[in-house]
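Reading the structure
Spelled out from the first residue to the last, the chains are:
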Amino acid sequence: MPIELLPHLRRARDHVDRHFSEPIDVEQLASIAGISRHHFVRSFGSVYGEPPMRYATRRRIERAQDLLRSANLTVTEVCMMVGYSSLGSFSSRFRELTGESPVQYRERFARDGAPRIPGCVLFMRGASVLDHRAPGSDRSSTPGEASADPAP
């Protein structure tokens, strides 16, 4: 794999990470990488260990896991927020990748996990609010935004 190709592949991978909730196809990603579709698919798989669309699916399911763990949303709302239009397809892929249904996953964390963010907050502020609530994290808010945490 030519080292000069890595930044191009990374650009496409980063696009998937940023736009996971939007429709994504291989042609679009190859165009972002600036290489042919077939060369892109082969190269992406070689570098990242999985085809680009499998990577996109895995990232969507990982994001769904974040939402199910920490937000007070229905499975259908999570399904739509991570870019699926079919609850059945979402549930099948979720079970295939995690070994349990979205409902089972959410219930397990509802029992054992931390309090969940109300869905209305996510819809008003966007799902990125989850990125700023990791316990012990040094990231309290985005630059230029006041922190919601009271001063000690």
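Just above, that's the structure.
Quantities reported herein were computed from a predicted structural model and do not represent experimental measurements.

On to the overall build of the chain. When helices and strands are tallied, the chain shows 8 helices and 2 strands. When the helices and strands of the chain are listed from N to C terminus, the series reads α-α-α-α-β-α-α-α-β-α. Relative to its full complement of 152 residues, the chain shows a buried share of 32%. Excluding contacts between residues fewer than 6 apart, the proportion of contacts in the chain whose partners are at least 24 apart in sequence is 54%. By element, 53% of the accessible surface of the chain is carried by carbon and sulfur atoms, the whole surface being about 9000 Å².

Formed by 16 residues in total, the largest nonpolar core has its most connected members in Val 78, Val 82, Phe 90 and Phe 94. Contributions of two or more residues to this core are made by helix H4 (52-70), helix H5 (75-81) and helix H6 (87-98). With 14 residues, the next largest nonpolar core counts Leu 29, Ala 33, Phe 44 and Tyr 55 among its residues.

Glancing now at the packing of aromatic side chains. As enumerated under the stated definition, the model contains 7 aromatic pairs in all. For the ring pair Tyr 105 and Phe 109, a centre distance of 4.9 Å and an interplane angle of 45° mean the geometry is tilted. Taken as a pair, Tyr 105 and Phe 109 lie in helix H7 (residues 102-112) at a separation of 4 residues, close to a single helical turn. Residue classification places Phe 109 among the partly exposed positions, given a relative accessible area of 23%. Aromatic rings pair up to connect Tyr 84, Phe 90, Phe 94, Tyr 105 and Phe 109 into one cluster. Across the ring face of Phe 109, the terminal group of Arg 69 is positioned such that the distance to the ring centre comes to 5.6 Å.

Procedures and definitions
- Residues numbered from 1 in each chain as written.
- Predicted model: local features only at pLDDT ≥ 70, side-chain atom pairs only at ≥ 80, totals over all residues.
- Heavy atoms only, no water.
- Helix = DSSP H or I, 4+ residues; strand = E, 2+ residues; numbered from the N terminus.
- Buried < 20%, exposed > 50% of the residue type's maximum accessible area, 1.4 Å probe, protein only.
- Contact = heavy atoms within 4.5 Å.
- Areas by Shrake-Rupley, 256 points an atom, 1.4 Å probe, with all protein chains shown as cover.
- Core = buried A, V, L, I, M, F, W, Y, C linked by side-chain atoms within 4.5 Å.
- Phe/Tyr/Trp six-rings, centres within 6.5 Å; stacked < 30°, edge-to-face > 60°.
- Lys NZ or Arg CZ within 6 Å of the ring centre and 35° of its normal.

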